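Chains, contacts and geometry: an overview
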Amino acid sequence: MDIEGVIHDNPIKRDSWKTLLTLAYQSLGVVYGDLSTSPLYVYKSAFAEDIQHSETNEEIYGVLSFVFWTLTLIPLVKYVFIVLRADDNGEGGTFALYSLLCRHARVGSIPNCQLADEELSEYTKDWSASNDKSVAVSRLKSTLEKYRVLQRILLVLALIGTCMVIGDGVLTPAISVYSAVSGLELSMSREHHQYVELPVACAILVFLFALQHYGTHKVGFLFAPIVITWLLCISAIGVYNIVHWNPHVYQALSPYYMYKFLKKTQKKGWMSLGGMLLCITGSEAMFADLGHFSQLSIKIAFTFVVYPSLILAYMGQAAYLSKHHIIESDYRIGFYVSVPAAIRWPVLAIAILAAVVGSQAIITGTFSIIKQCSALGCFPRVKIIHTSSKIHGQIYIPEINWILMLLCLAVTIGFRNTKHMGNAAGLAVITVMLVTTCLMSLVIVLCWHKNITLAICFIFFFGSVEALYFSASLIKFLEGAWVPVALSFIFLIVMYIWHYGTLKKYEFDVQNKVSINWLLGLGPSLGIARVRGIGLIHTELVSGIPAIFSHFVTNLPAFHQVLVFLCIKSVPVPHVRADERFLVGRVGPKEYRLYRCIARYGYHDVHKDDVEFEKDLVCSIAEFIRSEKPECNIRMEDSGDDERMTVVGTSSSNLEGIKMSEDGEFSDTVGTSELREMKSLEKLRKRVRFLVPESPPIHMETQEELQELMEAREAGMAFILGHSYVRAKSGSSWMKRIAINYGYDFLRRNSRGPTYAMSIPRASTLEVGMVYYV
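Report follows, based on the coordinates. Here the structure is a predicted model, which means the values were calculated and not measured. (Residues numbered from 1 in each chain as written. Predicted model: local features only at pLDDT ≥ 70, side-chain atom pairs only at ≥ 80, totals over all residues. Heavy atoms only, no water.)

1. Overview of the pairing of strand β4 (residues 558-570)
The condition that has to hold: Each residue gets one of three labels from its accessible area relative to the maximum for its type: buried under 20%, exposed over 50%, partly exposed in between, using a 1.4 Å probe on protein chains only. By the criteria applied, helices consist of DSSP H or I runs no shorter than four residues and strands consist of E runs no shorter than two, each listed in order from the N terminus. Strand pairing follows a simple DSSP-based rule, namely that at least 2 bridges must link the two strands.
Buried residues dominate β4, accounting for 12 of its 13 residues. As judged from the eight bridges shared by strand β3 (residues 529-538) and β4, these two strands associate in the parallel manner. The residue bridging I537 from the neighbouring strand is F565, located in β4. The sheet contact formed by β4 and strand β6 (residues 594-601) spans eight bridges and is parallel. Residue pairing for β6: S570 is matched across the bridge by Y601.

See the structure below:
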């Protein structure tokens, strides 16, 4: 199935209330699994700082007040009403905000951007096309574009948020599953539960990560019912506890109880804010998973289902605890103490299932953000498996999955309590939210063209609330909060070194590319014998002739009759329409038969396999030849390489263009397995035919060029890939030498090749080695 060919519009259409409610129902299982399980550990983490639960109930009422207003201000006001509007053509998350800023202020980290990329359908939005820009907006934009140090700070800020999301992918499954399993302490004897709790939690985590390769879509239909059952369960228990124990607990929702709490508990109360912060874990998923749903469906699900259920659950726990001041210290103040004894076992089972669903969501989100980083050149290339042919966002990354599992098990076994896990998870969560607040304030000014005062108010109000929680989490550095810092530091170093090395390698390619005059001096035959077939030269350059070409022709006496300089690049948009996929141009005069083809992909696009891609590539070149005007055959040295690029779609999107038919010489159904194996080793000659539209009529010269391209395709393709050895220049600083010679070299040798090169037949591949001194 051509997945990427159909993902060019926003997949969510507001066509009916039935569709909207269906999306809202589905979002409960995908988006809110993590957020809905937070009542398992919030009160226990908040009272882990030796706060006395006195008979005045000021402590428990204060915690409830903090939880209520935190849930109201951050998820409801900030995300539902403001941040969700900052989508990138339907996509959300930290990199979506960074992508918006890259396009509107030209601060992107992708080196091979072109002016032609700005003409893509998804590059701009209606609300961003306004010319009503104030002097302050223009000044801010020019300042960001002028100073490289500000661009690097912006990149590092986005990478820090990304790294913390990855850290959350380690910590959330650990604390969710361990907190759910901790209910065993009230359901079995104290002597037994300490030997059962940890093995059961580890077994569930291993099972969870082992299931990832099957894909979310195969078990996804169970997710929404599990989360709905869990929300109904905790809200019903909450209502029961409110009615049965303390009907007046609603009074604690007043902000006055926050003041009383901090006044009485002072430093310990401030430190306990890190535990209360856990009530909003998973809020970022509302924005990060926006691409799978719609703004309105996510808003409906949170406002009318998740938010009231959580408030009732927290009020119910507070009502129970307000009448039970003497609780054995071994049990702490957890969720299960407020559950009636008769239903603890069923609630325990539902809690474990809900914890698995919440963990699944954050793991999938981690895969998605790593794919975005890799596409934008900020993470080493990894193997990405698309687990669904219908839902493009469901992916699986084997290496990352097993790394997350090992780290998650290490955190669970190393800490063995929710206090330290909560400290670690809280710091990761609040850091991501602070990064979102900072980037969002720039989006308000640069993308929405609002008054800069509005952006200052946004960052001051929400930034102050989040900074308070951040300080309370950071002070627990030695009590578990060092884990996300350490993990983020490691991932940040890896990502920045990879980005730095990739950027320097591209700069070397640009500085050492061959001039068009050198090519013209070789003559129509390029000074060598031309053999049948298509030579595909993979390069990162979008203009000019790569040095690998001159290195090749000076060492080998022959080359193919048709040469294509292929550049597969990512652009800072989530998706590129199929009819805008290729940019095709000519290198040198027509008789050279040299073409440049740039395949553009968004950071959420699915890359086709080699067979489909080759067919689209040849068809795009044929369509460029057919549609090229005769007057375009002028001297190329008088014009830039980028001026004559033509936008050509894929064969599936160009319904009125050239079609290609390929028939194999052998049938797939004939012969034994041994014969088929022998034939697979042979060079199968394909019969290739172009189906050319009858109108408009084409010139004889164009027919000859198409005939030559058809014959070259029949002869087969050869792939020329550069095998680079990157080294720092002599005289470079010791930091640069370590980063390039050891860090980048290690990452390059242990990462995957280019996406297209992964599926290329090795017998058709030729690698040309070059040393890059950057």
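2. So, the environment of K383
What counts, and what does not: We call two residues contacting when some pair of their heavy atoms lies within 4.5 Å.
Along the polypeptide, K383 turns up in the loop between α15 (344-375) and β1 (385-386). Considering only alpha carbons, one finds K383 and K371, 12 residues apart in sequence, at a separation of 9.5 Å. Not counting residues up to four positions away in its chain, the partners in contact with K383 are Y396, I397, P398, E399 and R752.

3. Comments concerning unusual backbone geometry
For R416, which is not glycine, the phi torsion reads 60 degrees and is therefore positive. With respect to the helices and strands, R416 occurs in the loop between α16 (398-415) and α17 (418-446). Even without a glycine there, the phi angle at H449 is positive, about 60 degrees. Relative to the helices and strands, H449 resides in the loop between α17 and α18 (452-474).

4. Structural notes on the pairing of strand β5 (residues 582-586)
Counting buried positions over the five residues of β5 gives five, a clear majority of the element. Residue alternation in β5 divides its side chains into two sets, F582, V584 and R586 and L583 and G585, and both sets are buried. Here β5 runs beside β6; their pairing, made up of five bridges, is antiparallel. Bridging across to β6, G585 finds its partner in R596. The sheet contact formed by β5 and strand β7 (residues 646-648) spans three bridges and is antiparallel. Pairing of L583 across the sheet is with V647, part of β7.

5. With respect to the nonpolar core
Threshold: To define a nonpolar core, start from buried Ala, Val, Leu, Ile, Met, Phe, Trp, Tyr and Cys residues and group those joined through side-chain atoms within 4.5 Å.
Y32, L64, L71, F302, Y314 and M440 are the most contacted members of the largest nonpolar core, which has 167 residues in total. The element that contributes the greatest number of residues to this core is α17, accounting for 17 residues. Among all residues touching Y32, those that are not within four sequence positions of it are S27, V227, M286, I298, A301, F302 and V306. Core analysis: the second largest hydrophobic core is formed by 30 residues, I516, I537, F549 and I720 among them.

6. Section: the packing of helix α9 (residues 223-245) against α15
Rules: For every element, the axis is a line fit to its C-alpha atoms; helices are fit only across the contacting stretch, and the angle between N-to-C directions ranges from 0 to 180 degrees. Throughout, the term roughly parallel applies to angles under 35 degrees, roughly antiparallel to angles over 145, roughly perpendicular to angles from 65 to 115, and oblique to all others. Two helices that cross are described as forming a left-handed crossing if the nearer one is turned anticlockwise from the farther one by less than a right angle, and a right-handed crossing if clockwise. Any residue that is not Ala, Val, Leu, Ile, Met, Phe, Trp, Tyr, Cys, Pro, Asp, Glu, Lys or Arg is counted as polar, Gly included; the first ten are nonpolar and the last four charged.
At a minimum axis separation of 9 Å, α9 and α15 run at an interaxial angle of 130 degrees. Taken as axis vectors, α9 and α15 run oblique relative to one another. Considering how the two elements wind past one another, α9 and α15 form a crossing that is left-handed. Listed contacts from α15 to F223, I226, V227, T229, W230, C233 and I237 of α9 are V347, I350, A351, L353, A354, V357 and Q360. Partitioning the contact of α9 with α15 into residue classes produces 12 nonpolar, two polar and no charged.

7. A look at the packing of aromatic side chains
The cut-off we apply is this: Only rings of Phe, Tyr and Trp enter the pairing, Trp through its six-membered ring, and a pair is recorded when the two centres are within 6.5 Å. The plane angle decides the type: under 30 degrees is stacked, over 60 is edge-to-face, the rest tilted.
A full pass over the atoms with the stated rule returns 17 aromatic pairs. Taking 5.6 Å as the distance between ring centres and 90 degrees as the angle between the ring planes, the aromatic pair formed by Y61 and Y257 counts as edge-to-face. Of this pair, Y61 sits in helix α4 (residues 58-81) while Y257 sits in helix α10 (residues 256-265), and the two are 196 residues apart along the sequence. The same class applies to Y61 as to Y257, namely buried. Consider the rings of F415 and W482, whose centres lie 6.5 Å apart with planes at 80 degrees: the pair is edge-to-face. On the criterion of sequence distance, the pair formed by F415 in helix α16 and W482 in helix α19 (residues 482-511) is long-range, its members being 67 residues apart.

8. Comments concerning the state of the cysteines
Keep this limit in mind: Whenever a pair of cysteine sulfur atoms sits within 2.5 Å, that pair is classed as a disulfide.
Summed over the entire model, instances satisfying the criterion amount to zero disulfides. Free cysteine: C163, not disulfide-bonded; nearest cysteine sulfur from C373 at 7.6 Å.

9. Notes on the packing of α4 against α18
One can describe the packing of α4 onto α18 by two numbers: an axis separation of 12 Å at closest approach and a directional angle of 140 degrees. Viewed along their axes, α4 and α18 adopt a mutual orientation that is oblique. With respect to the hand of their crossing, α4 and α18 are arranged in left-handed fashion. Contacts between α4 and α18 involve F66, T70, L73, I74, V77 and K78 from the former and F458, F461, F462, V465, E466 and Y469 from the latter. For the contact of α4 with α18, a count of residues per class yields nine nonpolar, one polar and two charged.

10. Examining the pattern of salt bridges
Put simply, the rule reads: Within this document, salt bridges are pairs made up of a side-chain nitrogen of Lys or Arg and a carboxyl oxygen of Asp or Glu, the two lying within 4 Å of each other.
This model, assessed by the stated rule, comprises 15 salt bridges. Ionic pairing is found between E479 and K419, a salt bridge with its closest N-O pair at 3.9 Å. In this pair, E479 sits in the loop between α18 and α19 while K419 sits in helix α17, placing the two residues 60 residues apart along the sequence. Looking at E479, the relative accessible area reads 29%, which means it is partly exposed. Residue K419 is classed as partly exposed on the basis of its relative accessible area of 27%. R586 is the partner of E705 in a salt bridge, and the nearest nitrogen-oxygen pair spans 2.8 Å. With E705 in helix α24 (residues 700-715) and R586 in strand β5, this residue pair connects regions lying 119 residues apart in the sequence. Here E705 and R586 have matching classes, each one buried. Connected through salt bridges with shared partners, the residues E58, E59, K260 and K264 form a single ionic network.

On their own, these measurements won't tell you what the molecule is for.
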